[in-house]
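Overview (structure and organization)
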Amino acid sequence: MKLYQNLSNEFGYNIMMENRGQLTLAHSDAAVRSFRWRAEVNQHLGVRSELVDRQTIRELVPNLNMPEDGRYPIMAGLWHADGATARHDAVAWGYMKGACERGVELHQLTEVEDVLVSNGKVTGVKTNRGTISCGSVVQAVAGTSSVVAKMAGIKLPVHSFPLQAMVTQPYKPLLTPHVSSPHVHVYVHQTSRGEFVIGGGSDPYPLYNTRSTLDMKESLAAAALELFPFLSQARLMRQWAGITDMTPDYSPIMGLSPVENYYLDAGWGTWGFKATPICGQTMAELVATGKPPELIKPFELERFYRHQQINEAGATAASH
Amino acid sequence: MKILNCPLNGPRNISEFIYGGELHEMPDPNRCDSREWVEHVYFHENAAGIVREWWCHSATSYWFLAERNTITDEIIRTFPASEVFNQRVEFTAVEGE
């Protein structure tokens, strides 16, 4: 979060960071208990996160449907005041600009065809535009993590699922925070352009295809209407999907791999790009020193062999 | 809705089915080491292309196998597990080991 706050200045490029807060809704006693626990853990780690009651929720989101006797009554919320959104393209472009100014060479439209390994050590990458020999490789390829890792002879505990989302026509500004509900599997926020972004969990089975399904649109729309009935007349403008690389414990895999000097950054699944800056910083330290920094040590691939999974069920409205 | 052809119940909406993981050979639980077993449980081929996997028709709890293309989202073939498994799988510890 702290790294994001200065990112626009560092890049000299506006990432359209908007600090509007994030509200996660609890619809059951069990959810309230778990949110109370999450708030305590977050506060202990210095994050401004608190459990809020119905009255506060009503003040934060006046347009939210909050019936007393609804099928999914809203009982409390987890409020993260520093929660923010940023333009994802702008973050990528900002990094591109920042990296190139520091002397990094980017090769667009260049497909990795093979990873060259000799004596258990990575020596190069074969692409459709020629072979590049190198001392070390960082694999950060998201949805195709398993496919690329296989080129280096590495098998991963990953399944790739599509994740679909959609946006409505623009409305005047009426929703300030980002609202999500893990129970009805949906998140909704209004962009600065006025469009409502609606998303939720991953598809029900693995796939390397970003096609659209009516089933997912129906379930997302039903869940969004449960929270914001006024959207019933909204027209969908666009929909899209991304391939998410899901691990068995829903936590990323960062660190060393069975191949020497081949570093893994995979399994970010439904986490999006929120951890990108700290991820870049710690992975760079790993490559520079060859030693995993304390912060990412628990996320190494070896954790599965020791049965030390990091259970992470807190992703935004995702299906776990 | 996408239609999946269940070997027991015929063509049904895919929402009636649960994806049950890749079909891969189980190492002998009495002989394999811990690392092999971990790989069997957690690690996947996750191939882009034609895969063989388990599916379950949840309404009838019927498990079967399917061949599916994970790039084009096409179901190529569904068939009963007995096509692959024609012997009982023994999990209990072998006497004297």
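Residues numbered from 1 in each chain as written. Chains lettered and ligands numbered in written order. Predicted model: local features only at pLDDT ≥ 70, side-chain atom pairs only at ≥ 80, totals over all residues. Heavy atoms only, no water.

For the rest of this paragraph, the subject is the overall build of chain B. Scanning chain B from terminus to terminus reveals 1 helix and 6 strands. Order of helices (α) and strands (β) in chain B, N terminus to C terminus: β-β-β-α-β-β-β. What you see for chain B is a C-alpha radius of gyration of 16 Å, clearly larger than the 13 Å of a compact globule of 97 residues, by over 25%. With respect to the principal axes defined by its C-alpha atoms, chain B has extents near 50 × 30 × 20 Å. Counting the 97 residues in chain B, one finds 36% classified as buried. Taking the intrachain contacts of chain B between residues at least 6 apart in sequence as the baseline, contacts between residues at least 24 apart amount to 45%. Counting only carbon and sulfur atoms, one obtains 50% of the accessible surface of chain B, whose full area is about 6000 Å². Seen as two clouds, the 8 positive and the 16 negative side-chain charges of chain B have centres 6 Å apart. (Helix = DSSP H or I, 4+ residues; strand = E, 2+ residues; numbered from the N terminus. Rg over C-alpha atoms; globule rule 2.2 N^0.38 Å. Buried < 20%, exposed > 50% of the residue type's maximum accessible area, 1.4 Å probe, protein only. Contact = heavy atoms within 4.5 Å. Areas by Shrake-Rupley, 256 points an atom, 1.4 Å probe, with all protein chains shown as cover. Lys, Arg positive; Asp, Glu negative; His and termini not counted. Charge placed at Lys NZ, Arg CZ, Asp CG, Glu CD.)

Let us look at the layout of surface pockets. Roughly 420 Å³ of volume is contained in the second largest pocket. Along its surface, the second largest pocket is lined by 20 residues, and Pro204(A), Tyr205(A), Asp215(A), Ile14(B) and Ser15(B) are the ones closest to its centre. No other element matches helix α7 (residues 214–227) of chain A, which puts 4 residues into the lining of the second largest pocket. Partitioned by chemical class, the residues of the lining of the second largest pocket number 11 nonpolar, 4 polar and 5 charged. (1 Å grid on protein atoms, 1.4 Å probe; cavity = no way out; pocket = protein on both sides within 12 Å on 5 of 7 lines; lining within 4 Å. Points joined across faces, edges and corners; volume = space filled by probe spheres on them. Nonpolar A, V, L, I, M, F, W, Y, C, P; charged D, E, K, R; others polar.)

Our next topic: the domain arrangement of chain A. Residues and elements named next belong to chain A. By domain assignment, chain A separates into domain 1 (107–158 + 248–304) and domain 2 (165–244). Centre-to-centre separation of domain 1 and domain 2, based on C-alpha positions: 31 Å. Between domain 1 and domain 2, the residue contacts involve 6 residues of the former and 4 residues of the latter. A per-residue breakdown of the area domain 1 buries against domain 2 is headed by Gly143, Gly269 and Thr270, which together make up 73% of the total. Across the contact surface, domain 1 and domain 2 share 0 salt bridges. One can count 0 residue pairs in polar contact (both at pLDDT 80 or more) joining domain 1 with domain 2. (Domains from an automatic or database assignment. Buried area = accessible area lost by both parts, 1.4 Å probe. Salt bridge = Lys/Arg side-chain N within 4 Å of Asp/Glu carboxyl O. Polar contact = N/O pair within 3.5 Å; in protein donor to acceptor, adjacent residues only side chain to side chain.)

All names here are of chain A. By size, the foremost hydrophobic cluster in this structure holds 24 residues, and its most contacted members are Leu25, Ile57, Leu64, Val186 and Phe228. When residues of this core are traced back to their parent elements, those giving at least two are β1 (22–26), β10 (186–190), β11 (195–202) and α7. It is α7 that contributes the most residues to this core, 5 residues altogether. By size, the runner-up hydrophobic cluster in this structure holds 21 residues, among which are Leu156, Val158, Ala266 and Tyr305. (Core = buried A, V, L, I, M, F, W, Y, C linked by side-chain atoms within 4.5 Å.)

Before going further, it helps to examine the packing of aromatic side chains. Counted by the stated rule, this structure contains 14 aromatic pairs over all chains. On the numbers, 6.3 Å between centres and 75° between planes, the contact of Tyr171(A) with Phe230(A) is edge-to-face. Highlighted residues: Tyr171(A) in the loop between β8 (159–170) and β9 (178–181) and Phe230(A) in the loop between α7 and β12 (236–246), separated in sequence by 59 residues. Residue Tyr171(A) is classed as partly exposed on the basis of its relative accessible area, which comes to 23%. On the basis of an interplanar angle of 40° and a centroid distance of 5.4 Å, the ring pair of Tyr305(A) and Phe43(B) is categorised as tilted. In this pair, Tyr305(A) is assigned in the segment after α8 (276–289) and Phe43(B) in the loop between α1 (34–42) and β4 (50–57), connecting two distinct chains. Residue Tyr305(A) shares its accessibility class with Phe43(B), and that shared class is buried. Its end group placed over the ring of Tyr305(A), Arg35(B) keeps NZ or CZ at 3.8 Å from the ring centre. (Phe/Tyr/Trp six-rings, centres within 6.5 Å; stacked < 30°, edge-to-face > 60°. Lys NZ or Arg CZ within 6 Å of the ring centre and 35° of its normal.)

Under the counting rule described, the total for this entry stands at 22 salt bridges over all chains. The closest approach of N and O atoms between Glu101(A) and Lys97(A), which form a salt bridge, is 3.1 Å. Of this pair, Glu101(A) and Lys97(A) both sit in helix α5 (residues 88–101), 4 residues apart, roughly one helical turn. With a closest N to O distance of 3.0 Å, Glu16(B) and Arg12(B) form a salt bridge. Using a relative accessible area of 22% as the deciding quantity, one classes Glu16(B) as partly exposed. According to the relative accessible area criterion, Arg12(B) is partly exposed, its value standing at 36%. The structure contains a network of salt bridges with shared partners spanning Arg52(B), Glu67(B), Arg77(B) and Glu83(B).

Let us look at empty space enclosed by the protein. Per the counting criterion, the structure on display carries 4 cavities of 30 Å³ or more. Taken as a whole, the largest cavity encloses approximately 60 Å³ of empty space. Forming the walls of the largest cavity are 13 residues, and the residues nearest its centre are Pro206(A), Asn46(B), Ala47(B), Val51(B) and Thr70(B). Secondary-structure elements contributing two or more residues to the lining of the largest cavity are β8 of chain A together with β3 (17–22) and β4 of chain B. Per-class residue counts for the lining of the largest cavity are 6 nonpolar, 4 polar and 3 charged. Each pocket or cavity is described by its volume, and for the second largest cavity that value is around 50 Å³. Lining the second largest cavity, in full, are Glu18(A), Arg20(A), Gly21(A), Gly83(A), Ala84(A), Thr85(A), Thr176(A), Pro177(A), His178(A) and His189(A). Taken together, the residues that form the lining of the second largest cavity break down as 2 nonpolar, 6 polar and 2 charged.

All right, on to the environment of Arg238(A) then. Residue and element names in this part refer to chain A. Along the chain, arginine 238 falls in strand β12. When the C-alpha positions of arginine 238 and alanine 165 are compared, they lie 8.7 Å apart, and in sequence the two are 73 residues distant. Non-local contacts of arginine 238, meaning those with residues more than four positions away in its chain, are made with Met166, Val167, Arg193 and Glu195. Reaching out from arginine 238, the side chain makes a polar contact with the side chain of glutamate 195 at a distance of 3.1 Å.

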